[in-house]
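Inside the fold
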Amino acid sequence: MNIDQKYIQDKFIEYCEVDTRSYFESETVPTSVGQAELLQLLKQELLELGLSQISYSPKDAYLLGKIPATTSKKVTAIGFVAHVDTADYNSKNIKVRVHKNYDGRDIRLDKSHVLSSKQFPSLKKVIGHTLLTASGDTLLGADDKAGIAGALGMAKYLLSHPEIEHGDIWLAFGPDEEIGKGAARFDVKRFPVEFAYTLDNGDIGDIAYETFNAASATVTFAGTVVHPGEAYGLMVNAGLMANEFIAALPKDFVPEKSKGYDGFYLVTDFSGNVDQAMVNLIIRSFDTEDFLARKQFLKTLANKINAKYGKGRVKIEMRDQYKSPGDLIKQNPYVVNLVHHAYKQLNITAKHIPFRGGTDGDFISEKGIPTPNLFNGGANFHGPYEYVTIENMAKLSEVLVEISKLHVHLNDCRDETPLKR
Ligand SMILES: [Zn+2]
């Protein structure tokens, strides 16, 4: 497949150099002007490539465009999603450096940053590639501009090969993923697809259809203050109640002892005195049932402390943050099996990975469109050692072309083999 690598490289560098960091505190949509700027550049690009039904909505700041179907067969529309914002790390004056034919040796990015395969062994997988890095104390922005560049590479290829049969393919570029606000706002009525894929992080061959289910809890404790000299039988110490609560949490269900499909409770902060105390924590779990049980455990624990010290001493408030798309995607296994078939065609080994965080796909799936995550081919995201290669982004384009082609043939005889971890 002849993906235009020069095009991918040029677009990637152009987009990385736009400062698109997102800001949680900002009330605007998108949360920074840089993101709006990049979305305008992308709109121009979709026009030049020849996509149709290009639209941008200031309400959700999603840019959409369609590669129209080339087949007369009845086939459902599919979508690919990438985000324009970057994480909370320096993103000013990003200068992309191009290392042709990377030889595996250390790369000095600036006085204080050296990119070394001793520290980052995954670099050994890209020896011989054209490696792209930042140049010191900024991130690169491969998360997720590599996803954008890969999607554009696919679009350019399909639009210049009308003989290749495919159904309608929608691209969606959105803001504010890193702060969990972008896809939450996304009006998916604008995105008429049966299912979609995010192209966010991950290595070639990854498929993530399960993420954390996430909630946060605020637990407050009300004490009774009495002069310590006269406190016998009267004082109730809120700080000690909070301590009792924390001490009763399971010792092994913590981030530092959790990997793969394990979840955790994380006490993020606590404060208190005799009069009142507060504990904030977050809950993470891959399985819906376990997630509900973990939330219930906290409520039960609060009830126990209330039973001991008196009703109303402990109050617990929980907020759901995001939900794993796992259940929805397990009901639609074709969405993942189609990717397996595409990887097989391209000799890529597929790997189901637990995504230990949230994705845009969590929000989009919750709105009814099954959306697992694939990959963008970069590594070391959110910091100065971030990198990606042209070859990896071109591989992403190939995967997207293959998925689009195969969907035409497999749509009618769907592989519904149940998904296994
Ligand atoms: Zn990302």
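With an unreviewed UniProt entry as reference, the protein chain is termed Peptidase T, source organism Lactobacillus mulieris. Its UniProt record gives the protein chain the following Catalytic activity (unreviewed entry) comment, quoted word for word: "Release of the N-terminal residue from a tripeptide."

Within the structure shown, the criterion is met by 13 aromatic pairs. Ring centres 5.9 Å apart and planes at 85° place the aromatic pair Phe195 and Tyr197 in the edge-to-face group. Here Phe195 and Tyr197 have matching classes, each one buried. Here Phe221 and Phe245 contribute two aromatic rings whose centre-to-centre distance is 5.8 Å and whose plane-to-plane angle is 70°, an arrangement assigned as edge-to-face. Of the two residues, Phe221 sits in strand S11 (residues 213-222) while Phe245 sits in helix H5 (residues 238-247), which places them 24 residues apart along the sequence. Accessibility assignment for this pair places Phe221 and Phe245 in one class, buried. Ring pairs connect the aromatic residues Phe80, Phe195, Tyr197 and Tyr334, which therefore count as one cluster. One Lys or Arg, Arg294, reaches over the ring of Phe253 and ends 3.5 Å from the middle of that ring.

The next subject is the sheet that holds strand S12 (residues 264-272). Hydrogen bonding along the main chain pairs the strands of a sheet, whether they run parallel or antiparallel. A sheet is described by the order of its strands in space; here four strands give the open sequence S12-S13-S11-S14, paired in antiparallel fashion. Among the strands making up the open sheet, the edge pair consists of S12 and strand S14 (314-322). On average, each strand axis in the sheet is inclined to that of its neighbour by 15°, with strand direction left out of account. The strands that helix H6 (residues 288-309) touches are S11, S12, strand S13 (276-285) and S14; relative to S14, the one it contacts most, it runs at about 165°.

What follows deals with the coordination of the zinc ion. Those donors, His83 (NE2), Asp143 (OD), Asp200 (OD) and Asp200 (OD), are the protein atoms that reach the zinc ion, and they lie 1.9 to 2.7 Å from it. Coordination at the zinc ion is irregular, judged from the four donor atoms that bind it and the angles of 53 to 145° they form at the metal. Sequence spacing among the residues donating to the zinc ion works out to H-x59-D-x56-D. A residue pair is termed long-range when its members are at least 10 positions apart, and His83 in strand S3 (residues 78-83) and Asp143 in helix H3 (residues 142-159) qualify at 60 residues. Across the pair, Asp143 and His83 agree in class, each one buried.

Turning to the pattern of salt bridges, a few remarks are in order. Taken as a whole, this structure holds 23 salt bridges when the rule is applied. For Glu210, the salt bridge goes to Arg421, with nearest N and O atoms at 2.9 Å. In this pair, Glu210 sits in strand S10 (residues 206-211) while Arg421 sits in the segment after helix H10 (390-410), placing the two residues 211 residues apart along the sequence. Look at Glu210 and you get buried, because its relative accessible area is 2%. According to the relative accessible area criterion, Arg421 is partly exposed, its value standing at 48%. The partner of Arg319 in a salt bridge is Glu317, with the nearest N and O atoms 3.6 Å apart.

The subject of this paragraph is the domain arrangement of the protein chain. You can read the domains of the protein chain as domain 1 (5-211 + 324-410) and domain 2 (213-322). Computed from C-alpha coordinates alone, the two centres of domain 1 and domain 2 are separated by 38 Å. Domain 1 puts 13 residues into the contact, and the matching count from domain 2 is twelve residues. On inspection of domain 1 and its partner domain 2, the count reaches six residue pairs in polar contact (both at pLDDT 80 or more). Of all the secondary structure elements, the ones that give two or more residues to the side of domain 1 that touches domain 2 are S10, strand S15 (351-355) and helix H9 (360-366). Of all the elements, S15 adds the most residues to the side of domain 1 that touches domain 2, at four residues. Broken down by class, the residue content of the side of domain 1 that touches domain 2 amounts to four nonpolar, five polar and four charged.

Turning our eyes to something else, we now look at the UniProt feature "domain: Peptidase M20 dimerisation" (unreviewed entry) in the protein chain. According to UniProt, the feature "domain: Peptidase M20 dimerisation" (unreviewed entry) maps to residues 209-312 in the numbering used here. What you have in residues 209-312 is 31% helix and 31% strand, and the ends, taken at the C-alpha atoms, are 41 Å apart.

Cis geometry marks the peptide bond from Val29 to Pro30, where omega comes out at -10°. Examined against the element boundaries, Pro30 turns out to sit in the loop between helix H1 (5-16) and helix H2 (33-49). For the bond from Asp143 to Asp144, the omega torsion is 10°, close enough to zero to count as cis. One non-glycine residue, Gln53, adopts positive backbone phi at about 50°. Summarising the element assignment, Gln53 is placed in strand S1 (residues 52-57). The backbone phi angle of Asn201 is positive, close to 60°, even though this residue is not glycine. With respect to the secondary-structure elements, Asn201 resides in the loop between strand S9 (195-198) and S10. Looking at Asn201, the relative accessible area reads 15%, which means it is buried.

This brings us to the UniProt feature "binding site: Zn(2+) 1" (unreviewed entry) in the protein chain. Under the UniProt annotation, the feature "binding site: Zn(2+) 1" (unreviewed entry) is placed at His83, Asp143 and Asp200. For this annotated set, covering 118 residues, all C-alpha atoms fall within 8.0 Å of each other, a compact arrangement in space. For Asp143, a relative accessible area of 3% corresponds to the buried category. Discounting chain neighbours no more than four positions away, the residues touching Asp143 are His83, Asp85, Thr86, Glu178, Asp200, Asn201, Asn376, Phe381, His382 and Glu386. Topologically, Asp200 is positioned in the loop between S9 and S10. Sequence-distant contacts of Asp200, defined by excluding residues within four places in its chain, comprise His83, Asp143, Asp144, Glu177, Phe355, Asn373, Phe375 and Asn376.

Procedures and definitions
Along every chain, residues carry numbers that run from 1 in the direction the sequence is written. It should be noted that, the model being predicted, local features are given only for residues of pLDDT at least 70 and side-chain atom pairs only at 80 or more, the latter also being counted only at that level, while totals for whole chains, interfaces and linings use all residues. Values reported for side chains reflect all heavy atoms of the structure, with hydrogen atoms and water molecules removed beforehand. UniProt positions are given in the numbering used here, feature names are shortened, and annotations may be inferred rather than shown by experiment. Pairing of aromatic rings covers Phe, Tyr and Trp, the last through its six-membered ring, and needs centres within 6.5 Å; plane angles under 30 degrees mean stacked, over 60 mean edge-to-face, and all others mean tilted. With a 1.4 Å probe rolled over the protein chains alone, any residue whose accessible area is under 20% of its type maximum counts as buried; one over 50% counts as exposed, and the rest are partly exposed. To qualify as a helix, a DSSP run of H or I must reach at least 4 residues; to qualify as a strand, a run of E must reach at least 2; elements of each kind are numbered from the N terminus. Here, a charge over a ring is recorded when the distance from Lys NZ or Arg CZ to the ring centre is within 6 Å and its angle to the ring normal is within 35 degrees. A pair of strands is treated as paired once DSSP finds two or more bridges between them. Axis definition: a line fitted to C-alpha atoms, limited for helices to the stretch in contact. Angles are taken between N-to-C directions and run from 0 to 180 degrees. The contact rule is simple, with two residues in contact once any of their heavy atoms fall within 4.5 Å. In this analysis a donor is any N, O or S atom within 2.8 Å of a metal ion (3.2 Å for sodium, potassium and calcium), and since water is not included, sites may seem incomplete. Any coordination sphere not matching a tetrahedral pattern (four donors, all angles between 85 and 135 degrees) or a square planar or octahedral pattern (four or six donors, opposite donors over 155 degrees apart, other angles between 65 and 115) is reported as irregular. In what follows, salt bridge is the name for a side-chain nitrogen of Lys or Arg lying within 4 Å of a carboxyl oxygen of Asp or Glu. As annotated, the domain borders come from an automatic or database domain assignment. N or O atoms closer than or at 3.5 Å make up a polar contact, with two conditions inside protein: a donor-capable atom paired with an acceptor-capable one, and, for residues adjacent in sequence, both atoms drawn from side chains. Any residue that is not Ala, Val, Leu, Ile, Met, Phe, Trp, Tyr, Cys, Pro, Asp, Glu, Lys or Arg is counted as polar, Gly included; the first ten are nonpolar and the last four charged.

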